[in-house]
Amino acid sequence: MSSSFQAPRGTYDILPATAATVLAVREALAAPLRRAGYGYIETPVFEDVKLFSRGVGESTDIVSKEMFTLTRRSDEDLALRPEGTASVLRATLEANLHRIGNLPVKLWYSGSQYRYEKPQKGRYRQFWQVGAEAIGAEDPALDAELVILAHDAYRSLGLRDFRILLNSLGDKTCRPVYRAALQEFLGGLDLDEETVRRAAINPLRVLDDKRPEVAKQLVGAPRLRDYLCEDCKAYHERVRELLTAAGVGFEDDDKLVRGLDYYTRTTFEFVHDGLGAQSAVGGGGRYDGLSEMIGGPALPSVGWALGVDRTVLALEAEGIELPGPAGTDVFAVPLGDEARRVLFGAVTELRREGLSADIVYGPKGLKAAMKAADRSGARYAVVAGERDLAENLVQLKDLTSGDQTPVALDALVTTLKEKLK
Ligand code: ATP
Ligand code: MG
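As the structure is a prediction and not an experimental result, all values here were calculated from the model. (Residues numbered from 1 in each chain as written. Chains lettered and ligands numbered in written order. Predicted model: local features only at pLDDT ≥ 70, side-chain atom pairs only at ≥ 80, totals over all residues. Heavy atoms only, no water.)

Draft legend 1. View of empty space enclosed by the protein. In total, this model carries one cavity of 30 Å³ or more according to the counting rule given. As a volume, the largest cavity reaches approximately 30 Å³. Lining the largest cavity are V330, A332, L343, A346, V347, L350, V382 and L412. Where the lining of the largest cavity is concerned, the elements lending two or more residues are β12 (330-334) and α14 (337-352). The leading source of residues in the lining of the largest cavity is α14, at four residues. (1 Å grid on protein atoms, 1.4 Å probe; cavity = no way out; pocket = protein on both sides within 12 Å on 5 of 7 lines; lining within 4 Å. Points joined across faces, edges and corners; volume = space filled by probe spheres on them. Helix = DSSP H or I, 4+ residues; strand = E, 2+ residues; numbered from the N terminus.)

Below, the structure is given as structure tokens:
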């Protein structure tokens with residue numbers, strides 16, 4: 001009988017069979033960051049809701065529909081974090097990391113995020129991201145570095161069928177001019193009420209609308225690239241050059257905008273072609289305005305977040321299997337009470353010596369115990385009964401060949417270490 005409870009809608013359990021892949025993905029996404037001087041940071045799973053509503057901008061989907069809020073009677077309103085950037089910046093400012101050390105402050109994180117989404121394949125209410133933020137520097141090399149690190153992380157997993165989309169969103173000088181031009185254009189279209197509202201608050205988001213009735217009207221919309229100021233153009237050109245020099249291919253995508261209003265200049269997304277509708281495996285960009293929005297000094301910054309769940313799906317789509325962790329080396333099968341005591345001690349010693357060892361638990365006969373040994377995937381079984389122990393012996397059975405040899409009890413650990421080397 002199974003329990004009467006199920007994992008909440010939009011969530012799932014990471015079970016041992018897939019956990020190895022998940023852990024390997026998190027590790028692979030993080031490894032290039034460690035090599036590039038990013039320090040690890042963990043922030044709380046919940047924060048003051050205003051950190052996200054202010055920081056993220058009132059008009060985004062995350063804030064208007066997707067936030068999990070927690071209301072306590074006397075406290076402030078809290079929200080489960082929908083993304084990592086605002087929290088990491090909050091923590092940086094709170095601990096004065098931007099005053100103590102070099103700029104940029106380079107940080108990376110790995111953890112769960114929460115969004116009240118309509119669950120579907122690749123879209124969950126709890127999902128995992130590995131993210132990176134470089135806080136307090138404006139330098140096209142930094143934007144390029146982050147794109148290269150994500151690219152190298154995906155490559156190190158063996159992924160091939162992903163593409164990098166790149167755009168510049170302009171800055172506080174040129175974007176408002178474009179925004180006004182776009183709004184004027186959108187005003188002349190035949191749009192539903194919600195889209196009209198979105199056009200008023202965040203017109204760039206409308207460009208991202210993939211519904212055919214909207215998309216076909218967007219042909220001929222003013223293009224941001226024609227409005228970029230000279231500084232933004234030069235900056236973007238430099239980012240593109242550095243990516244090309246690093247052998248990182250990308251596609252210029254005029255329609256790429258981020259969901260979050262505080263993004264400026266460089267913006268990018270990693271899409272995987274084997275994932276269907278939920279094709280974005282990661283995304284990020286420059287967010288020069290966010291620090292000031294949450295009460296900090298001007299700290300131009302750039303970062304990304306890569307989706308762990310979708311990266312795992314991308315590996316499946318490409319048929320890539322990551323090498324799993326080594327299984328159990330040794331499985332002990334004691335016959336009788338005294339043997340249990342002795343082999344339990346031997347297993348403890350094997351573990352302390354760095355081998356992975358397990359033992360049969362509960363009342364089991366020899367046949368069931370040997371079956372457990374086979375199932376464990378161990379290379380060797382150590383079998384011992386009263387008669388063996390009387391002679392200070394155990395039987396070492398090679399579970400692949402079936403060969404069995406007696407080994408002196410006090411030579412067991414060295415023998416196994418030798419054999420498993
Ligand atoms: P989408 O357009 O798919 O909703 P997004 O723009 O909301 O993505 P970001 O906020 O940029 O996504 O988050 C970065 C990455 O996190 C995404 O590229 C994706 O891989 C992952 N991600 C975002 N939302 C979810 C979710 N609900 N479930 C699983 N992964 C997610
Ligand atoms: Mg989303």
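Draft legend 2. Fine view of the site of ligand 1. Inspection of the region around ligand 1 gives 14 residues, with R115, E117, R123, Y124 and R258 positioned closest. Interatomic distance of 2.9 Å between a side-chain N/O atom of R115 and an oxygen atom of ligand 1. Residue R123 places a side-chain N or O atom 2.8 Å away from an oxygen atom belonging to ligand 1. Surface burial for ligand 1 is 84%, taken as the share of its 590 Å² of free accessible area covered by protein chains. A total of three residues in the shell around ligand 1 trace back to one element, the largest contributor, which is strand β10 (residues 280-286). For the shell around ligand 1, the residue count by class is five nonpolar, four polar and five charged. (Near = heavy atom within 4 Å. Polar contact = N/O pair within 3.5 Å; in protein donor to acceptor, adjacent residues only side chain to side chain. Areas by Shrake-Rupley, 256 points an atom, 1.4 Å probe, with all protein chains shown as cover. Nonpolar A, V, L, I, M, F, W, Y, C, P; charged D, E, K, R; others polar.)

Draft legend 3. Looking closely at the packing of aromatic side chains. As enumerated under the stated definition, the model contains ten aromatic pairs in all. Measuring from ring centre to ring centre gives 6.4 Å for F162 and F270, while their planes differ by 45 degrees; the resulting arrangement is tilted. Of this pair, F162 sits in strand β7 (residues 162-168) while F270 sits in strand β9 (residues 264-272); the two residues are 108 residues apart in sequence, bridging distant segments of the chain. Taken as a pair, F162 and F270 share a single burial class, namely buried. (Phe/Tyr/Trp six-rings, centres within 6.5 Å; stacked < 30°, edge-to-face > 60°. Buried < 20%, exposed > 50% of the residue type's maximum accessible area, 1.4 Å probe, protein only.)

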